[in-house]
Amino acid sequence: MKWLKKPDKQSIKPIYQQIKESVLGAIENSQLQIGENIPSINKICNEFELSPGTVIRAYEELREMGIISSKQGKGYFISNTQYQKKTKVFLLFDRMNAYKEILYDEILNTLNPDIEVEVFFHHYDIKRFEKLIKSNLGKYSYYVIMPHFNQDVSKIMSKIPDKKLIILDKSVSKLKGKYAAIIQDFENDIYNGLVSQKEKIMKYDQIVFSSSESPFQFVPEGCLKGFRKFCIANEIQFKMVKTLDSKTIETKTIYLLYSDTELINLLKELEIRNWIPGKEIGIISYDDTPMKEILAGGISVLSTDFKNMGTLVVSFINGAPFEQYSNPSQFILRNSI
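Residues numbered from 1 in each chain as written. Predicted model: local features only at pLDDT ≥ 70, side-chain atom pairs only at ≥ 80, totals over all residues. Heavy atoms only, no water.

Draft legend 1. Representation of the overall build of the protein chain. A tally of regular secondary structure across the protein chain gives 12 helices and 14 strands. A compact globule built from 337 residues would reach a C-alpha radius of gyration of about 20 Å, whereas the protein chain, at 26 Å, exceeds it by more than 25%. With the C-alpha coordinates of the protein chain rotated into their principal frame, the extents come out at 90 × 40 × 30 Å. Each of the 337 residues in the protein chain was classed as buried or not, and the buried ones make up 47%. If you take every contact in the protein chain between residues at least 6 apart in sequence, the share linking residues at least 24 apart comes to 65%. Carbon and sulfur atoms form 48% of the exposed surface of the protein chain, whose accessible area is close to 17400 Å². (Helix = DSSP H or I, 4+ residues; strand = E, 2+ residues; numbered from the N terminus. Rg over C-alpha atoms; globule rule 2.2 N^0.38 Å. Buried < 20%, exposed > 50% of the residue type's maximum accessible area, 1.4 Å probe, protein only. Contact = heavy atoms within 4.5 Å. Areas by Shrake-Rupley, 256 points an atom, 1.4 Å probe, with all protein chains shown as cover.)

The following block contains the structure:
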């Protein structure tokens, strides 16, 4: 009975489902063959202190799938090892926010409704990231991972088979293999986006980039490099701060904000001062959301196309060849500069 994993009573997954998956997993790994006996209901109940109804439900579902049968004097045994395995997707985000809702909704709305998607969050905790991946290996058809770390996570991610791995948003440069990826070129995207609006930007005295440093905010190193490169190349006065104190804002300055919380706080301060974005100061926000189209008359953004990212994820799951794409990014000009 080594193949039968001890059910986790703290898991959100029902115990009957865990028992069912143990049997199916043992078949997939050739630990159980046709004709081989599996433990009786009483034996599993006694072994793991479970109610008979829980084990009966697991066995009934396996019987309905045609996987097990029972015979008087022989008990339960494997009668078939061929079954239609349900496609399941493991989706690992850093955290949920407005632009990830766009991505997530596109995946769910485009994907075949028979495909099951389970969402997890690592919250920029690399130990949690590793634990979530390790504890879910072999349980899913596809692993869609957003590796938002400035540390190398290639060793952790190398445990996922190439043919099942889809990387989102940030590249993992040291990871080898023919996995799928839809990523941003952070350094060149921010540089080229700012260049596209150089004429408007040059009307201001300086530009301040707040990276909004906190345990709950990831800022790719490429964004900082691309911003600095643009300012130096065009001899623009600039500052890079970890957090923005909205009460110290100055006129004739553009503020490039990574955090939506800082954006709201800045707009509140402008309202107090009766300043208008695009006149006294400029505002550029990172990552577009529907709210930014109308907020304060429209906030200019540097953003990738998250809907397109979701569409590409679904195409890979639907059988498109695994390739690595650079997802388009652009500067969307609105009234705030």
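Draft legend 2. The arrangement of the sheet that holds strand 14 (residues 329-332) in detail. Read across the sheet, 6 strands follow the order 9-8-10-11-12-14 without closing on themselves; strand pairing throughout is mixed. Each of the sheet's edge strands pairs with one partner strand only, and the pair in question is strand 9 (237-241) and strand 14. Each strand axis lies, on average, 15° off the axis of its neighbour in the sheet, ignoring direction. By the bridge criterion, 5 bridges tie strand 8 (residues 206-210) to strand 10 (residues 253-257) in an arrangement that is parallel. (Pairing = 2+ DSSP bridges. Axes fitted to C-alpha atoms, helices over the stretch in contact; angles between N-to-C directions.)

Draft legend 3. Fine view of the packing of helix 1 (residues 15-28) against helix 3 (residues 52-64). Remark: helix 1 packs on helix 3, axes separated minimally by 8 Å, with the N-to-C direction vectors making an angle of 45°. For the element pair helix 1 / helix 3, the angle class is oblique. The handedness of the crossing between helix 1 and helix 3 comes out as right-handed. Of the residues in helix 3, those in contact with Ile15, Tyr16, Gln17, Ile19, Lys20, Val23 and Leu24 of helix 1 are Thr54, Val55, Arg57, Ala58, Tyr59, Glu61 and Leu62. Here the residues of the contact of helix 1 with helix 3 are counted per class, giving 9 nonpolar, 2 polar and 3 charged. (Parallel < 35°, antiparallel > 145°, perpendicular 65-115°, else oblique. Left-handed = near helix turned anticlockwise from the far one by under 90°. Nonpolar A, V, L, I, M, F, W, Y, C, P; charged D, E, K, R; others polar.)

Draft legend 4. Layout of the packing of helix 2 (residues 41-48) against helix 3. Axis separation between helix 2 and helix 3 bottoms out at 9 Å; the angle between their running directions is 130°. In terms of axis orientation, helix 2 runs oblique to helix 3. For the pair helix 2 and helix 3, the crossing hand works out as right-handed. Facing Ile41, Ile44 and Cys45 of helix 2, the residues of helix 3 in contact are Pro52, Val55, Ile56 and Tyr59. Its residues assigned to classes, the contact of helix 2 with helix 3 comprises 7 nonpolar, no polar and no charged.

Draft legend 5. Highlighting the sheet that holds strand 4 (residues 116-121). In space, the 6 strands of this open sheet follow the order 4-3-5-6-7-13, with parallel pairing throughout. The outermost strands of the open sheet, each flanked by one partner alone, are strand 4 and strand 13 (324-326). The sheet shows a mean angle of 15° between the axes of neighbouring strands, direction not considered. The sheet contact formed by strand 5 (residues 142-145) and strand 6 (residues 165-169) spans 3 bridges and is parallel. Note that in strand 6 the partner of Ile145 across the bridge is Ile167. Of the strands in this sheet, strand 3 (88-93), strand 4 and strand 6 are in contact with helix 4 (residues 98-110), which crosses strand 3 at around 175°. Sheet contacts for helix 5 (residues 126-135): strand 3, strand 4 and strand 5; angle to strand 3, the most-contacted strand, approximately 175°.

Draft legend 6. Representation of the layout of surface pockets in the model. Approximately 1300 Å³ is the volume attributed to the largest pocket. Lining the largest pocket are 41 residues, with Lys13, Glu21, Lys88, Asn136 and Lys139 sitting closest to its centre. It is helix 1 that contributes the most residues to the lining of the largest pocket, 9 residues altogether. Considering only residue class, the lining of the largest pocket consists of 12 nonpolar, 13 polar and 16 charged. (1 Å grid on protein atoms, 1.4 Å probe; cavity = no way out; pocket = protein on both sides within 12 Å on 5 of 7 lines; lining within 4 Å. Points joined across faces, edges and corners; volume = space filled by probe spheres on them.)

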